[in-house]
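So the chains spell out like this:
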Amino acid sequence: MEVGLLYSGGKDSTLAALLLEDFYDVTLVTAQFGISDDWKHARATADATGFAFERLELDAEVAHEAVAMIRDDGFPRNGIQHVHQHALERAAADGFDVVADGTRRDDRVPTVSRAQAQSLEDRHSVDYISPLSGFGRGAVDQLVDAHLEVTVGPSEEIRRADYEAELRALIVDEDGLDAVGDYFPDHEQTYVTDVR
């Protein structure tokens with residue numbers, strides 16, 4: 001069975017791919033708006049880890065809606081959640097038997113509730129899997145340390161292909177570089193370079 005795993009090139013989505021590969025034909029799917037070419041970072045990680053890769057074009061209007069939410073809220077949670085739901089919908093409509101993501105048990109954003117998962121499955125006749133949903137950050141970090149080569153650093157410096165990168169780029173385009181700091185708290189990102 002074919003699984004389309006939403007993929008950023010980071011540790012969580014890469015670990016999710018490793019957990020799924022014994023049971024499914026995994027395609028790493030990087031959802032993007034075409035605002036930047038950050039998707040190439042995910043493709044490089046897919047190549048390094050030996051997984052099939054696909055770009056999934058998202059509706060540019062959703063990016064603008066997400067940025068408006070971020071501005072209104074003063075923080076990124078609801079905007080990123082909005083984009084994640086759209087990406088899952090698009091992946092589910094893309095012909096995969098299964099859609100998956102790398103969300104963990106303790107993630108604040110994005111998350112997928114049981115009701116959202118069941119609705120996605122019912123409307124698109126797919127299965128939704130979150131292979132890390134039972135794992136907390138500590139367990140994920142232990143597995144990552146044992147199995148992946150990872151670069152870690154501040155979110156504005158790490159190459160990645162997640163929703164945040166394109167939303168940040170859109171905010172910079174529209175409001176200037178200083179505006180990003182008004183909405184996005186400082187945090188670390190990861191970028192996988194290889195499997196151990």
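Rules behind the numbers
Counting of residues starts from 1 at the beginning of each chain's written sequence and follows it residue by residue. Owing to the predicted nature of the model, reporting of local features is limited to residues with pLDDT of at least 70; listing and counting of side-chain atom pairs is limited to 80 or more, with chain, interface and lining totals taken over all residues. Where side-chain values are given, they derive from all heavy atoms of the structure, hydrogens and water being excluded. Here a pair means two rings of Phe, Tyr or Trp (six-membered ring of Trp) with centres within 6.5 Å. Their orientation is stacked below 30 degrees between planes, edge-to-face above 60, and tilted elsewhere. Secondary structure elements follow DSSP: runs of H or I of four or more residues count as helices, runs of E of two or more count as strands, with numbering from the N terminus. Patch membership requires over 30% relative accessible area and the absence of a salt bridge. Like charges are linked within 9 Å, and nonpolar side chains (Val, Leu, Ile, Met, Phe, Trp, Tyr) within 5 Å. Note that accessible areas follow from Shrake-Rupley with a 1.4 Å probe, and for residues the cover is restricted to the protein chains shown. We define a salt bridge as a contact between a side-chain nitrogen of Lys or Arg and a carboxyl oxygen of Asp or Glu at a distance within 4 Å. Note that His is not counted, nor are the chain ends; the positive residues are Lys and Arg, and the negative ones are Asp and Glu. Where a charge sits is defined by one atom per residue type, namely NZ (Lys), CZ (Arg), CG (Asp) or CD (Glu). Note on classification: 1.4 Å probe, protein chains only; a residue is buried when its accessible area is under 20% of the maximum for its type, exposed when over 50%, partly exposed between these limits. Simply put, an axis is a line fit to the C-alpha atoms, just over the touching stretch for a helix, and the angle between two N-to-C directions goes from 0 to 180 degrees. Relative orientations are named as follows: roughly parallel for angles under 35 degrees, roughly antiparallel for angles over 145 degrees, roughly perpendicular for angles from 65 to 115 degrees, and oblique for any other angle. Should the near helix be turned anticlockwise from the far one by less than a right angle, the crossing is termed left-handed; should it be turned clockwise, right-handed. The contact rule is simple, with two residues in contact once any of their heavy atoms fall within 4.5 Å. When residue character is reported, Ala, Val, Leu, Ile, Met, Phe, Trp, Tyr, Cys and Pro are called nonpolar, Asp, Glu, Lys and Arg charged, and the others, Gly included, polar. Take the buried residues of types Ala, Val, Leu, Ile, Met, Phe, Trp, Tyr and Cys, join any two whose side-chain atoms come within 4.5 Å, and each joined set is a nonpolar core.

Asks: Where do I start with the packing of aromatic side chains in this structure?
Replies: The geometry of two aromatic rings is summed up by the distance between their centres and the angle between their planes. Counting across every chain of the model gives 1 aromatic pair. On the numbers, 6.4 Å between centres and 15 degrees between planes, the contact of Trp-39 with Phe-53 is stacked. Taken together, the residues span a long stretch of sequence, with Trp-39 in helix H2 (residues 39-49) and Phe-53 in strand S3 (residues 52-57) at a distance of 14 residues.

Asks: When you look at a negative patch on the surface in this model, what are you seeing that I'm missing?
Replies: On the surface, Glu-2, Asp-25, Asp-97 and Asp-127 cluster together to form a negatively charged patch. Locating Asp-97 in the fold gives a position in the loop between helix H4 (77-92) and strand S4 (98-100). Judged by relative accessible area, Asp-97 falls into the partly exposed class, the value being 36%.

Asks: Help me out: how do you make sense of the packing of helix H3 (residues 60-73) against H4 in this one?
Replies: Two quantities define a packed helix pair, namely the angle between the axes and the distance from one axis to the other. Put simply, H3 and H4 touch, their axes get as near as 7 Å, and they point 160 degrees apart. Classified by the angle their axes make, H3 and H4 are roughly antiparallel. The crossing of H3 and H4 is right-handed. Taken together, the residues of H4 that come into contact with H3 (itself represented by Val-62, Glu-65, Ala-66, Met-69, Ile-70 and Asp-73) are Asn-78, Gly-79, His-82, Val-83 and His-86. Taken together, the residues of the contact of H3 with H4 sort by class into 5 nonpolar, 4 polar and 2 charged.

Asks: Got a minute to help me understand the nonpolar core in this structure?
Replies: Nonpolar side chains tend to gather and get buried jointly when the protein is soluble and globular. By size, the foremost hydrophobic cluster in this structure holds 31 residues, and its most contacted members are Val-83, Leu-167, Ile-171 and Phe-184. Going through the elements one at a time, strand S2 (25-32), H3, H4, helix H5 (114-124), helix H7 (163-175) and helix H8 (177-183) are the ones with two or more residues in this core. Of the residues forming this core, the biggest block, 6 residues, is contributed by H4. Those residues within four positions of Leu-167 in sequence are excluded, and the remaining contacts are Ala-63, Ala-66, Val-67, Ile-70, Ile-80, Val-83 and Phe-184.

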